[in-house]
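# Fold and contact review
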Amino acid sequence: IPRGEGEYIFELSFGDQRITKTVRIIHYGEEIKASLQELGRRYDLNMERLTAREVIESIRKKEPAKAKGLKILLTLFEKYVYGKKDIVRSEFIEYYCGG
């Protein structure tokens, strides 16, 4: 039984059949932080010098079609990092599904 964040492999056996499933348990807030960092790297932005808003704005200018998802990412990032509040599953799913 998983006891925290990480990747877990479950194996089920039914007679001569075996099914293996991998499950990843995440911390929503940390995933949001990592997503922003990854986006910054993907767009070759200097993450040490830019604020989260500057990162998002820079990407939005290059990819206007992604504006809604970027806005959700920024809102959740600010809630978690600056507001010190947890991200709940429904919020993460909204971000993950692109709004």
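Overview of the structure. (Residues numbered from 1 in each chain as written. Predicted model: local features only at pLDDT ≥ 70, side-chain atom pairs only at ≥ 80, totals over all residues. Heavy atoms only, no water.)

## Remarks on the overall build of the protein
Helix and strand content of the protein: four helices and two strands. Going from the N terminus to the C terminus, the protein shows its helices and strands as β-β-α-α-α-α. Against the compact-globule benchmark of 13 Å for 99 residues, the protein has a radius of gyration of 17 Å, which places it well outside the compact range. The principal-axis extents of the C-alpha atoms in the protein amount to approximately 55 × 30 × 25 Å. Within the protein, the fraction of its 99 residues that count as buried is 25%. (Helix = DSSP H or I, 4+ residues; strand = E, 2+ residues; numbered from the N terminus. Rg over C-alpha atoms; globule rule 2.2 N^0.38 Å. Buried < 20%, exposed > 50% of the residue type's maximum accessible area, 1.4 Å probe, protein only.)

## As for unusual backbone geometry
Positive phi, close to 55 degrees, is recorded for Asp 44, a residue that is not glycine. With respect to the helices, strands and loops of the structure, Asp 44 is situated in the loop between helix H1 (28–42) and helix H2 (52–62). For Asp 44, a relative accessible area of 70% puts it in the exposed group. Phi at Lys 84 takes a positive value of approximately 55 degrees, unusual for a residue other than glycine. Classification of Lys 84 as exposed rests on a relative accessible area of 70%.

## As for a nonpolar patch on the surface
A grouping of Phe 10, Val 23 and Ile 25 is seen on the molecular surface, where their side chains present a nonpolar patch of about 200 Å² in accessible area. With respect to the helices and strands, Phe 10 occurs in strand E1 (residues 6–14). Judged by relative accessible area, Phe 10 falls into the partly exposed class, the value being 35%. (Patch = residues over 30% accessible without salt bridge, like charges linked within 9 Å, V, L, I, M, F, W, Y side chains within 5 Å. Areas by Shrake-Rupley, 256 points an atom, 1.4 Å probe, with all protein chains shown as cover. Salt bridge = Lys/Arg side-chain N within 4 Å of Asp/Glu carboxyl O.)

Bear in mind that shape data such as this cannot, by itself, settle questions of function.
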